[in-house]
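Chain by chain, the residues:
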Amino acid sequence: MTYSPVAITGMGCICAAGNNLGDSMASLFSGTRAPVPPVSFTSNHPINYPVFEVHNFTVPADLLRTSALGLHAAREALDDAGLDRELLSTLRVGVCVGTTVGCAISNEMFCREYRSVSVPGMGPLERILRSNPAAVIAREFDFSGPCQTIVNACSSGTDAVGLAASWIRSGACDVALAGGADELGRITYIGFISLLITDESPCKPFDVNRKGLNLGEAGAMLVLESERVRTMRKKKARSFVLGYGSACDAYHLTAPKPDGAGLKNALAEAFACSNTDPAAIAFVNAHGTGTPDNDRVETMVLAEVLPGVPFLSTKGYTGHTLGAAGAIEAIFTAACLELGKIPANIGFSTPDPELGGNPVTENTPFSGTIALSESLAFGGNNSVIILGKGEV
Amino acid sequence: MQIAIQGVGVVGGFGTGVAEMRKALLSGSSNRSIIQLSNCGDPLEIPAFRTDTSRLTEFVPLKALRRIDNFSKLGLLGAYLALEDAGVLAEGKQERLGVVIASGYGASGITFSFLDSFINDGDICASPTYFANSVHNSAAAYISIMLGATGPSSTVSQFHQSVPSALQTARLWLSEGRVDRVLFGAVEELSELIGYAWCRQRGTTDSREISPLLTGTESAVPGEGAAFLLLSRKEESQKGYCFLDQVITGRHLKPGFIASPQDLLVLGADGRREKGADYAVLAENATVACFTSLYGSMPISPAFDLAIAALMLKEGKTFASPFSGICDFPATVAAGGKALESQRVSCLSLSDDDGFGLVTLSKG
Amino acid sequence: MNTKEKLKQILIADLNLEELAPEDINDNAPLFGEGLGLDSLDAVELVVIIQKHFGIEIKDMEEGRDAFKSVEALAAYIDRRLAAA
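Given the structure is predicted, the values throughout are model-derived calculations rather than measurements.

**Student:** Any chance you could break down the environment of Asn31 of chain B for me, citing the residues and the numbers?
**Tutor:** Residues and elements named next belong to chain B. Mapped onto the secondary structure, Asn31 falls in the loop between α1 (18-27) and β3 (33-39). Between the C-alpha atom of Asn31 and that of Glu58, which follows or precedes it by 27 residues, the distance is 22 Å. With near-sequence residues (within four places) excluded, Asn31 lies in contact with Gly13, Phe14, Ala48 and Phe49.

Set out below in structure tokens:
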């Protein structure tokens, strides 16, 4: 079936590149980044791995940082869309948020106390139970439409935007806030180090010397809006969700399938449902984590399906923000379509002859109106979203 | 679009598979046991509905399960049982199958183990296997790997709202034609961590009877398990259980909103006192049933209600609500073995933040 | 108990190779793919296992590649590292 385009009328994000979308885009195009060892926590691991933390951000005491990041981005997105509480109260509004740690019943302080103290404090667990990322946004604005928190590891953010677009098309809601949120903490930091896919230096997506990812944290939300409401309030679209596809490798818990079959299936679905000709794709915002495996499989598939199409990874600016990654990268993709240029793939200097292609190495203008963002995840999920240039 | 329920796979305190669930529905009894916790070395016991995943080796060789944790084992067993029940296990790779999993707490047991691994031996000794298994979509991943399911896969986690929310996604995928079938499953694991949090919040009373329709009484007992449904579009369905007419989720449900009075209303009330009064208001004057005392209280319990409702519609008659406690609000508790008048059953579940899920199944 | 025997017991316990006994593991059989049938996730777990039980840090997979060929090779690597320490 062919999908009708779904308008994006607002966007907001917070990440190490900037506490809002404007600042983040400025960092991307000025080629600046500053990953450093964690400031908000410590580790007794002998190596200090650089991370991309968000600074100058205050978290309410009763919320998880993850949910606070999502809420912060949601406020920016709603402001950007010009939707105030009064107008929102007259609409059926859905919320769809991707995350990885936002619903994990996991807290180190509680765990330590449980083993060593006869009456451990329940505060950390109670905070988790109050902080489901989608529910927090729905509660804050008293939304009563569909509400879903998606936990598909690193493709969650892309999946959230894809699902919310389906909600709008099917009439399940008038407006949907869709995106992702994930905080950086000790547990994820130690977990990714244990998998030996973390780079000791700033990450180098697609470079021959890439050693792995750097973790980051982010909140990123988009406002998707029905044509009915958009017509009623004469609101122009910043971008359009044209297509979405997802497919599972059904291969391994952590390793991507070497032949990229799942990613190819996801791309094929996204092209088919949006009726998009692959030749029309102006650029690809790749997953590009900087791990040897991911970048190999991804460039191999891109060389086959989208030969010659410029691509980049923005993870060199934000770190890998896990459940938020797909959402923040969709936002960067839409913002680049508005600007008609993409930033350099920071961290890349030496091509890897084993890869299917090289990313853009400088800020690059383009003339097309359609772009694609892709996410690959633990569990074998591959998700692809196709976005079109907006009206403003 | 109407969606058909083609197969049901359940594992819970009542046993494994539809036959054992049916037996428990007829007898009104389930297996409550005790779980042992160790907080700071002090033993603690709480009553609970535990599950046994030993039948999984009928479907998967033991070797292939070596690093799969209890949460994913529950999911795998539910998945295989649903496919077996629908008679499609022999088909081989399921390339047009979508997988949608709901879980309130995810793989909390292995998450706890991962934390232990570095708390005990230092950050450098954190176990990557535990970490990889602790991601919420691990059960979905193992299911896709074992079944060769290369369609879309998604896992939803929002406590007591997980089931109706995830079910909407399953429905959407079928109506958009993304897949031909969806394996919809709900999985919950009663890990030590969840068990401890439970008894801190609700105490350790072990002899109480679950009285879900006594609104002012705390009588909940925690449970764990998996409930899976194999779904397809109605027009492509073989003779299955029944059809999924609608799934409504949202917040602030009003009493008048619930379907016609001749429909049976299955309540997700499970003895947690804070939700009792809300169910009472919404179910006033309805014909109700409640089965939570067969499998216990857990965020995904609405999925068990769906499985039971599907079985009632398949057999065309009601099962008696398996508790002797009375209903202290004006509603009629349906007797067992009676014909389902309207051939329609609605399942209501309430969650935090005034959220609700209302799922309607029918025979026609 | 020599390093090889100790290693076999540790592998069975920590990688949940429940169906195997130490004598079932051939000293020279490959640990990965054919042979013991381990995969990339087991490889990173093995790094932690060596750290935990022998106090030896393997920094990345390049370093571990030769050592992880078989029980024989791994035991020799461990003995060498312990002797050098």
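We are not done yet, so read on.
**Student:** Describe the pattern of salt bridges, with residues and values.
**Tutor:** Evaluated as defined, the whole model comprises 46 salt bridges over all chains. When the shortest N-O distance is used, the salt bridge between Arg186 of chain A and Asp123 of chain B registers 2.8 Å. Remark: Asp123 of chain B occurs in the loop between α3 (108-121) and α4 (128-134) and Arg186 of chain A occurs in helix α8 (residues 186-194); the pair is interchain, linking two chains. What makes Arg186 of chain A buried here is its relative accessible area of 16%. We note a salt bridge from Glu274 of chain B to Arg202 of chain B, for which the minimum N-O separation is 2.7 Å. Highlighted residues: Glu274 of chain B in helix α8 (residues 273-282) and Arg202 of chain B in helix α7 (residues 192-202), separated in sequence by 72 residues. Using a relative accessible area of 42% as the deciding quantity, one classes Glu274 of chain B as partly exposed. By relative accessible area, which is 11% here, Arg202 of chain B ends up buried.

**Student:** Give a description of the interface of chain A and chain B that names residues and reports values.
**Tutor:** Between chain A and chain B, the residue contacts involve 74 residues of the former and 63 residues of the latter. Counting the surface chain A buries against chain B, the share from its top three residues, Ile105, Tyr114 and Leu253 of chain A, is 13%. Taken together, the links from chain A to chain B amount to six salt bridges. Note that Arg251 of chain B and Asp142 of chain A form a salt bridge whose closest N and O atoms lie 2.9 Å from each other. Summed over the shared surface of chain A and chain B, the number is 32 residue pairs in polar contact (both at pLDDT 80 or more). Those elements giving two or more residues to the side of chain A that touches chain B turn out to be α4 (108-116), α5 (123-130), α6 (133-141), β3 (147-150), α7 (156-170), α8, β6 (239-248) and α10 (261-274) of chain A. With eight residues, α4 of chain A is the largest single contributor of residues to the side of chain A that touches chain B.

**Student:** Account for the pairing of β6 of chain A, naming residues and giving values.
**Tutor:** All names here are of chain A. Here β6 lies mainly inside the structure; ten of its ten residues are buried. By the bridge criterion, three bridges tie strand β1 (residues 6-15) to β6 in an arrangement that is antiparallel. Its bridge partner lying in β6, Val6 is registered against Val241. Both β6 and strand β12 (residues 381-389) contribute to a ladder of nine bridges, which runs antiparallel. Residue pairing for β12: Phe240 is matched across the bridge by Gly388.

**Student:** Residue-level account of the pairing of strand β7 (residues 281-285) of chain A, with values.
**Tutor:** Residue and element names in this part refer to chain A. Extensive coverage of β7 is indicated by the burial of five of its five residues. Bridge count between β7 and strand β11 (residues 370-376): four bridges; the pairing is parallel. Bridge pairing links Asn285 to Ser373 in β11. Note: β7 against strand β8 (residues 311-312), two bridges, orientation parallel. What sits directly across from Val284, in β8, is Phe311.

**Student:** So what's going on with helix α5 (residues 138-147) of chain B? Residues and values would help.
**Tutor:** All names here are of chain B. The buried fraction of α5 amounts to eight of the ten residues, a majority that puts the element mostly inside the structure. When we look at burial in α5, the residues that qualify are Ser138, Ala139, Ala140, Ala141, Tyr142, Ile143, Ser144 and Leu147. Directly after α5, the chain includes Gly148, whose backbone phi takes a positive value near 65 degrees.

**Student:** Run through unusual backbone geometry, naming residues and quoting values.
**Tutor:** Residues and elements named next belong to chain B. A positive phi angle, close to 55 degrees, is found at Cys40, a residue other than glycine. Locating Cys40 in the fold gives a position in the loop between β3 and β4 (42-48). Residues other than glycine seldom take positive phi values, yet Asn285 does so here, at roughly 65 degrees. Among the secondary structure elements, Asn285 is positioned in the loop between α8 and β11 (287-289). Judged by its relative accessible area of 59%, Asn285 is exposed.

**Student:** Give a description of the packing of helix α1 (residues 21-30) of chain A against helix α13 (residues 325-339) of chain A that names residues and reports values.
**Tutor:** All names here are of chain A. Between α1 and α13, the least distance of the axes is 11 Å, while the angle of their chain directions is 75 degrees. Between α1 and α13, the interaxial angle falls into the category roughly perpendicular. Here α1 contributes Leu21, Ser24, Met25, Leu28 and Phe29 to the contact with α13, which in turn contributes Ile331, Phe332, Ala335, Cys336 and Leu339. Classifying every residue of the contact of α1 with α13 gives nine nonpolar, one polar and no charged.

Rules used throughout
Residues numbered from 1 in each chain as written. Chains lettered and ligands numbered in written order. Predicted model: local features only at pLDDT ≥ 70, side-chain atom pairs only at ≥ 80, totals over all residues. Heavy atoms only, no water. Helix = DSSP H or I, 4+ residues; strand = E, 2+ residues; numbered from the N terminus. Contact = heavy atoms within 4.5 Å. Salt bridge = Lys/Arg side-chain N within 4 Å of Asp/Glu carboxyl O. Buried < 20%, exposed > 50% of the residue type's maximum accessible area, 1.4 Å probe, protein only. Buried area = accessible area lost by both parts, 1.4 Å probe. Polar contact = N/O pair within 3.5 Å; in protein donor to acceptor, adjacent residues only side chain to side chain. Pairing = 2+ DSSP bridges. Axes fitted to C-alpha atoms, helices over the stretch in contact; angles between N-to-C directions. Parallel < 35°, antiparallel > 145°, perpendicular 65-115°, else oblique. Nonpolar A, V, L, I, M, F, W, Y, C, P; charged D, E, K, R; others polar.

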